[in-house]
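Here's the letter readout for the chains.
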Amino acid sequence: MTNITKEQRNKALAIISQTSDSKLETHLNACVRCGLCADSCMYYLTMKEAKFIPARKVDLVSSIYRRYKTWQGAMFPKLFHARELDDKTCEEMVDSLFGACTMCGRCVKHCSIGVDIPFLVKKGREMLAAMDMVPKTLQATVDAAINTGNNMGIPTDEFVDTIQWMEEELQDEMEDPNAGLFLDKTDKNVFYTVNPREPKFFPLSISAMGKIFYAAGEDWTLSSKYYDVTNYGYFNGNNTEATQIARNLYDEIHKLNCKRLILGECGHGSRAMRWEGPNYLKTKYDFDTLTVVELIGEYIRNGRIKLDKNLNDKVVTIHDPCNLVRNGGLLNEIRFVVNAAAANVVEMTPHGTDNFCCGGGGGALAMSEYNERRLKIDKIKADQITATEAQVVVTPCHNCVDQLTQINHTYKLGIIIKTVAELVADALIIENAELKIKN
Amino acid sequence: MSWYIWTSLAALLFCVVLLGKYFVRLLKKGPPKDLSQKSGNIAQAVCYSCIGAMSPMQKESAYLHLPTYSAGIIFHIGNFLAILVYVIIALSAIFSFRIPIESVTNLVIIILAAITFVASVCGLSLFIKRIVKKELRELSCTDDYISNLLCTVMLFVTTYSLWMFQFGAVYYITMALLFVWMPIGKIKHVLYFFFARYHLGFFYGWRGTWPPKKATV
Ligand code: SF4
Ligand code: SF4
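Every chain is numbered on its own, with residues counted from 1 as its sequence reads. Think of it this way: whatever chain is written first is A, whatever ligand is written first is 1, and the rest follow in order. The model is predicted, so local features are restricted to residues of pLDDT at least 70 and side-chain atom pairs to those at 80 or more, both for listing and for counting; the totals for chains, interfaces and linings are taken over all residues. Side-chain measures were taken over the full set of non-hydrogen atoms in the model, leaving aside hydrogen atoms and water.

Focus: the domain arrangement of chain A
Residue and element names in this part refer to chain A. Selection criterion: Segment limits for the domains were obtained from an automatic or database-derived domain assignment. Pairs of residues are marked as contacts when any of their non-hydrogen atoms sit within 4.5 Å. Take the accessible area each of two parts loses on contact, using a 1.4 Å probe, and add the two losses: that sum is the buried area. For this document, the term salt bridge refers to a Lys or Arg side-chain nitrogen within 4 Å of an Asp or Glu carboxyl oxygen. In DSSP terms, a helix is any run of H or I states spanning at least four residues, a strand is any run of E spanning at least two, and both are numbered starting from the N terminus.
Considered domain by domain, chain A is made up of domain 1 (6–133), domain 2 (148–302) and domain 3 (306–427). On a C-alpha basis, the centroid separation for the pair domain 1 and domain 3 is 30 Å. At the junction of the two partners, domain 1 supplies 21 residues and domain 3 supplies 19 residues. Of the roughly 1700 Å² buried between domain 1 and domain 3 on both sides combined, carbon and sulfur atoms contribute 62%. On the domain 1 side of the contact with domain 3, M42, T102 and R106 bury the most area, a combined 35% of that side's loss. Scanning the region where domain 1 abuts domain 3 turns up two salt bridges. The closest approach of N and O atoms between D95 and R373, which form a salt bridge, is 3.0 Å. Of all the elements in the fold, those that place two or more residues in the side of domain 1 that touches domain 3 are helix 3 (42–47), helix 6 (87–98) and helix 7 (106–110). Counting residues per element, the side of domain 1 that touches domain 3 draws most heavily on helix 3, which supplies five residues.

Here it is as structure tokens:
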């Protein structure tokens, strides 16, 4: 690592000087270093090294704050553990804040004080981003999204081909030439978004959702250019890039003049667009924003789709994506939908707001330099799944699906992993093929 | 009034002014300005954050570490009581009124002394844990040891003073040191704790996570 310049340092320090509200100052001063958060973090639980204790990650950021933003830290750095922002500190920050935290927030709920640890980790990442110290692999994912409109750099014609292929399959399955996966239609009720992993690796999840839309008689569209629900700008700490990615969807829904933005099955993408997006863009949305799980829940409640849960008779367990459940409030909605679609649902221990991260959050899946660590911490998730004796793990997040697939392979679990849309599509009762498609 | 009482009062003033300054600064900065569409009830969530979510059944930091958690709770109760004792004793010194030692007062003093004694033992045990446990030691800085030691010593001195019912120079100087350190070192979490609970309630309340609903399978 090269010596950091004064300019870099100033840019980084500006991050912890911004005071739009009292949250940052509060959390920077609240940790009492009791160490009781250690057992809530999968990194510490697996590795048992002090550097993985959540409070250590907090301290990396707050010690810099004490050194540069408090008189006592500036005068007596040893006494208050106030650290210089130098190469060594930056190196530790990259390793701990990018490489050893999925920003799952599990430690927050269990912290004896209530320190928002991932909030500070995010601030630390923003400092590193301001100094151009984002791990290259993660930055490459963000660059792809900025340059091509999706994080996997899928060319538009390849995406369109995939959608057309899936559309033909859907028409064959429904025996209805009107069944469709619609692209770039204007004035629709629903503007749907997907994780680029779907067209790239899991096209059947798009057709599963297409089937649900068909059954519900939904008036919907995808964009052929800006369909990517993910936003790795949330993870790399570069808010300008995060804003640009959020703007892509914001502008596209306006261009196509749709009413509702439906966030495809992606935990962090949903978080970044729904909760962070308006703050990035500094504007309230003038359209409805909800996750696909909530939309499916709405269809079930309104009788727009009918399900036969006995069509899914294997033992199913739910993996709660951190950004949708702990940090997104969807605990019950996911359960409502999964229970409507599967006959035999069992819970993991712990689950819900206490659930362990899949291990791939926080951009970890994109950072191959930490692969070994990532798969090691997954022993916890593997054990959780095994204990349920479930045959199917369902989760409304494609990042989690990807990570669970790797866990399945590494720990030889022999499970089937599905998204919620896939589970629901398998339970659909298509009563009338001549549905109200108005496209 | 003796010089040491004045010293402790000056220290108390320093503490109140500095903590008050932080408090006003936090209030001025205000709550988060979130432009996303709220999906829950902030007031209910903040209440839950300060009450329900603090229950030992809800926190691994409590139910996985019951001895430490219990020691911490007693230690904190002891500290608050000891400061209350200081306020009463200092007021009696300022306004020259005598606290009558009668059977009821005596009993109260014995109970207070017992609590502050147990709290001081708890404080000492937490101090020893911080030294002995490698990972905790690696996490700690000088401020952690000073903060704990100051509170623990203050509790021992308060116990002794209550027991003897004599509040002399050692007592007041110990209190003065604590008051000076409080807004400088980590004891300032006495203020930030409440703001942290508020922000947590705000965050989870906004998104509809808190107050929790039962997961129904
Ligand atoms: S539990 Fe909370 S207060 Fe204690 S060390 Fe961890 S982050 Fe700090
Ligand atoms: S947010 Fe998750 S990964 Fe990060 S320190 Fe907390 S528990 Fe560990």
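Alright, that's what it looks like, and here's the rest.
Here we look at unusual backbone geometry
Spelled out, the test is: A 1.4 Å probe rolled over the protein chains alone gives each residue an accessible area, and that area as a share of the maximum for its type sets the label: buried under 20%, exposed over 50%, partly exposed in between.
P350 of chain A follows T349 of chain A through a cis peptide bond whose omega is -10 degrees. Turning to its location among the elements, P350 of chain A is positioned in the loop between strand 6 (344–346) and helix 18 (371–377). Going from W210 of chain B to P211 of chain B, the amide bond is cis rather than trans, its omega being -5 degrees. Tracing the backbone shows P211 of chain B in the segment after helix 9 (189–206). Positive phi, close to 60 degrees, is recorded for D187 of chain A, a residue that is not glycine. Within the fold, D187 of chain A resides in the loop between helix 10 (156–174) and strand 1 (190–192). Residue classification places D187 of chain A among the partly exposed residues on the basis of a relative accessible area of 46%. At E389 of chain A, a position not held by glycine, the phi torsion is positive, near 60 degrees. Mapped onto the fold, E389 of chain A is located in the loop between helix 19 (379–388) and strand 7 (392–394).

Overview of the site of ligand 2
As a reminder of what qualifies: Note on definitions. A residue lies near a molecule or strand when any single heavy atom of the residue is within 4 Å of it. Throughout, the ten residues Ala, Val, Leu, Ile, Met, Phe, Trp, Tyr, Cys and Pro are labelled nonpolar, Asp, Glu, Lys and Arg are labelled charged, and all others, Gly among them, are labelled polar.
Around ligand 2 sit S40, C41, Y43, P54, K57, C101, T102, M103, C104, G105 and C107 of chain A, and that is every residue in its neighbourhood. Of the residues that constitute the shell around ligand 2, the class distribution is seven nonpolar, three polar and one charged.

Notes on the packing of helix 4 (residues 66–94) of chain B against helix 7 (residues 142–164) of chain B
All names here are of chain B. Short version of the rule: As a rule, the C-alpha atoms of each element are fitted with a line to give its axis, helices using only the stretch in contact, and angles between N-to-C directions run from 0 to 180 degrees. Should an angle lie under 35 degrees it is considered roughly parallel, over 145 roughly antiparallel, and from 65 to 115 roughly perpendicular; all remaining angles are considered oblique. By the definition used in this description, the sense in which the near helix is turned from the far one sets the handedness, with an anticlockwise turn below a right angle giving left-handed and a clockwise turn giving right-handed.
Interaxial distance between helix 4 and helix 7 falls to 10 Å at its minimum, and their mutual angle equals 55 degrees. Put simply, helix 4 runs oblique to helix 7. Viewed along their axes, helix 4 and helix 7 form a crossing whose handedness is left-handed. Of the residues in helix 7, those touching helix 4 at F75, G78, N79, A82 and V85 are N148, C151, T152, M154, L155, T158 and L162. Tallied by class, the residues present in the contact of helix 4 with helix 7 amount to seven nonpolar, five polar and no charged.

Describing the site of ligand 1
Every residue lining ligand 1 is accounted for by C31, V32, R33, C34, G35, C37, A55, C111, S112, I113 and I117 of chain A. Its residues placed into classes, the shell around ligand 1 shows eight nonpolar, two polar and one charged.

Quick notes on the sheet that holds strand 8 (residues 416–418) of chain A
Residues and elements named next belong to chain A. Worth spelling out the cut-off: Think of it this way: DSSP has to see at least two bridges between two strands before they count as a pair.
Taken in spatial order, the four strands make up an open sheet running 6-5-7-8, and their pairing is parallel. Whereas interior strands pair on both sides, the edge strands pair on one side only; in this sheet they are strand 6 and strand 8. With direction set aside, neighbouring strand axes in the sheet form an average angle of 30 degrees. Summarising the sheet, strand 5 (residues 315–318) and strand 7 pair through three bridges and their orientation is parallel. Bridging across to strand 7, I318 finds its partner in V394.

Observations concerning the sheet that holds strand 3 (residues 260–263) of chain A
Residues and elements named next belong to chain A. The strand order 2-1-3-4 describes an open sheet built from four strands, whose pairing is parallel. Edge positions in the sheet fall to strand 2 (220–221) and strand 4 (288–291), since each of these pairs with one other strand and no more. Relative to strand 3, strand 1 runs parallel, the two being bridged by three bridges. Directly across from V190, in strand 3, lies its bridge partner R260.

Focus on the interface of chain A and chain B
The following threshold applies: In protein, a polar contact means a hydrogen-donor-capable atom and an acceptor-capable atom, both N or O and within 3.5 Å, with residues adjacent in sequence counting only if both atoms are side-chain atoms; elsewhere, any N or O pair within 3.5 Å suffices.
Chain A puts 61 residues into the contact, and the matching count from chain B is 59 residues. Each partner contributes to the roughly 5200 Å² buried at the junction of chain A and chain B, and carbon and sulfur atoms together form 55% of this total. If you look at where chain A meets chain B, you find seven salt bridges. In this structure, E138 of chain B engages R56 of chain A in a salt bridge whose closest nitrogen and oxygen atoms are separated by 3.7 Å. The interface formed by chain A and chain B contains 28 residue pairs in polar contact (both at pLDDT 80 or more).

Some thoughts on a negative patch on the surface
Residues and elements named next belong to chain A. The test is simple: Patch members must show over 30% relative accessible area and no salt bridge, and they are joined within 9 Å when carrying like charges or within 5 Å when they are nonpolar side chains of Val, Leu, Ile, Met, Phe, Trp or Tyr. In short, Shrake-Rupley with a 1.4 Å probe defines the accessible areas, and a residue's cover is counted only from the protein chains shown. By the counting scheme adopted, Arg and Lys are positive, Glu and Asp are negative, and His together with the chain ends is not counted. Taken as the charge location is NZ of Lys, CZ of Arg, CG of Asp or CD of Glu.
Together, E168, E169, D172 and E175 make up a region of like negative charge exposed at the surface. As for its position among the elements, E169 is in helix 10. You can call E169 partly exposed: its relative accessible area is 41%.

Here's the deal with helix 4 of chain B
Every α-helical turn comprises 3.6 residues, leaving residues that sit three or four positions apart pointing alike. Residue and element names in this part refer to chain B. Short version of the rule: Expected span, for any helix, means 1.5 Å times one less than how many residues it has.
Between the first and last C-alpha of helix 4 there are 42 Å, a value that for 29 residues agrees with the 42 Å anticipated at 1.5 Å per step. All of the buried residues along helix 4 are T68, A71, G72, F75, G78, N79, A82, V85, Y86, I89, A90 and S92. The inward-facing, buried residues of helix 4 contact helix 1 (3–29), helix 5 (103–132), helix 7 and helix 8 (169–181). Trailing helix 4 by a residue or two, S96 shows a phi angle of about 50 degrees, which is positive.

Observations regarding the environment of G303 of chain A
Residues and elements named next belong to chain A. By the element assignment, G303 lies in the loop between helix 16 (292–301) and strand 5. Relative accessible area serves as the criterion here: at 37%, G303 is assigned to the partly exposed category. Sequence spacing of G303 and C397 is 94 residues, and the spatial spacing of their C-alpha atoms is 25 Å.

Focus: the nonpolar core
One recurring pattern in soluble globular proteins is that nonpolar side chains are buried together. Convention followed: Residues enter a nonpolar core if they are buried and are Ala, Val, Leu, Ile, Met, Phe, Trp, Tyr or Cys, with the set joined through side-chain atoms within 4.5 Å.
In this structure, L85, V115 and M127 of chain A are the most contacted members of the largest nonpolar core, which totals 150 residues. At nine residues, helix 1 of chain B tops the list of elements feeding residues into this core.

Here's the deal with helix 2 (residues 23–30) of chain A
Within helix 2 of chain A, eight of the eight residues are buried, leaving the element largely enclosed by the surrounding structure. Every buried residue belonging to helix 2 of chain A is among K23, L24, E25, T26, H27, L28, N29 and A30 of chain A, and all of these are buried. Next to the buried residues of helix 2 of chain A lie helix 1 (6–15), helix 4 (54–69) and helix 8 (117–130) of chain A together with helix 1 and helix 9 of chain B.

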